[in-house]
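Observations on the three-dimensional arrangement
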Amino acid sequence: MRSSHFYQTSFSLWRRQTVKLYRCFQSSASFSTADYDNGDAFQSNPSKVKIFDRQLKRKQRDRAAWLLRPNDSFVNAVAENLLDRLEDCKKTFPTALCLGGSLQAVRQLLHGRGSIEKFIMMDTSYDMLKLCKSSQPDSCNENIETSYVVGDEEFLPIKESSLDLVISCLGLHWTNDLPGAMIQCKLALKPDGLFLAAILGGETLKELRIACTVAQMEREGGISPRVSPLAQACNLQHVISQFSCSLISI
């Protein structure tokens with residue numbers, strides 16, 4: 001599933017100092033559900049469903065790193081609501097991974113929750129990781145060993161059963177194969193590990209969709225997608241239930 005070079009790279013994350021940025025790329029295939037009608041079957045080929053250009057998305061995030069507001073109230077509210085779930089868990093999470101999305105907000109709002117000792121921050125954008133690294137950390141997080149990895153959620157560069165916690169704040173809705181990305185997160189978790197994620201879905205941007213549809217119908221006589229497709233809660237519950245997860249909450 002993963003090349004030996006990638007295993008060596010993931011092992012090195014734990015030993016290096018907390019101030020270094022890592023560029024980690026790999027060419028091995030990811031889990032994909034694109035060719036299967038049965039959600040229980042998976043293959044090791046890249047997803048054939050190419051809704052998003054991942055290279056273009058990386059460039060967009062590089063640009064966004066220069067335009068990002070330091071304190072976005074919406075992003076902070078989502079991150080705080082997500083991290084608040086850690087206070088409901090008596091279990092500690094020594095090793096955690098934060099996937100791309102709102103890395104900076106998660107790092108600043110963690111406040112020592114989850115008793116995390118080693119924290120891996122991963123994003124497809126090198127500039128976004130540099131921004132996260134340069135931000136002022138919370139005083140409660142100063143003793144956390146933090147590593148920064150350039151990687152893709154669709155090709156997760158993490159050893160199996162090596163994590164206690166995986167966090168994704170507003171990032172997974174940009175993946176081409178959401179079930180494939182989620183099952184890689186599950187494989188990376190230890191038994192009884194925790195997966196926390198917040199994605200845009202449901203009726204998000206409903207008014208914008210309607211306005212774009214009406215305007216294009218009036219001017220061009222047809223419609224084309226202007227907003228990214230979003231997952232519905234019922235579909236997510238069905239997908240997650242196939243991964244043999246327990247205590248599912250959506």
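What counts and how
- Once a new chain begins, its residue numbering starts again from 1 and follows that chain's sequence as written.
- The model is predicted, so local features are restricted to residues of pLDDT at least 70 and side-chain atom pairs to those at 80 or more, both for listing and for counting; the totals for chains, interfaces and linings are taken over all residues.
- Note that water and hydrogens are dropped before the side-chain values are worked out from all heavy atoms of the structure.
- The helix and strand labels rest on DSSP assignments: H or I over at least four residues marks a helix, E over at least two residues marks a strand, and numbering proceeds from the N terminus.
- Between buried and exposed lies partly exposed: a residue is buried under 20% and exposed over 50% of the maximum accessible area for its type, with that area taken using a 1.4 Å probe on protein chains only.
- Put simply, a nonpolar core is a bunch of buried Ala, Val, Leu, Ile, Met, Phe, Trp, Tyr and Cys residues held in one set by side-chain atoms that sit within 4.5 Å of each other.
- In this analysis, two residues are considered to be in contact whenever any of their non-hydrogen atoms come within 4.5 Å of each other.
- Here the rule is simple: two strands pair whenever DSSP picks up at least two bridges between them.
- A clockwise course of the path from the first strand over the helix to the second, judged with the strands pointing away from the viewer, identifies a crossover as right-handed.

Attention now goes to the environment of V149. Mapped onto the elements, V149 comes out in strand β4 (residues 145-150). Exposure remark for V149: the relative accessible area of 2% places this residue in the buried category.

Here we come to the nonpolar core. Grouped together as the largest cluster of nonpolar side chains are 28 residues, with contacts concentrated most on F119, M121 and L165. Those elements giving two or more residues to this core turn out to be α3 (73-83), β2 (95-99), α4 (103-109), β3 (118-123), α5 (126-134), β4, β5 (163-169) and β6 (189-198). Take this core: its biggest share by element is five residues, from α3. In contact with L165, not counting residues within four places along its chain, are L86, F93, T95, A96, L97, I116, L189, L194 and L196. Counting residues in each nonpolar core, the second largest holds 20 residues, with L156, A181, L236 and F243 among its members.

Here the focus is helix α6 (residues 178-188). In terms of burial, α6 is a largely internal element, eight of the eleven residues being buried. Residues of α6 that are buried: L178, G180, A181, M182, I183, Q184, C185 and A188.

For the rest of this paragraph, the subject is the pairing of β6. Direction of pairing for β5 relative to β6: parallel, over a ladder of six bridges. Across the sheet, residue V166 finds its bridge partner in β6, namely F195. Handedness of the crossover is the feature at issue here: the chain leaves β5, passes through α6, returns alongside β6, and the resulting connection is right-handed.

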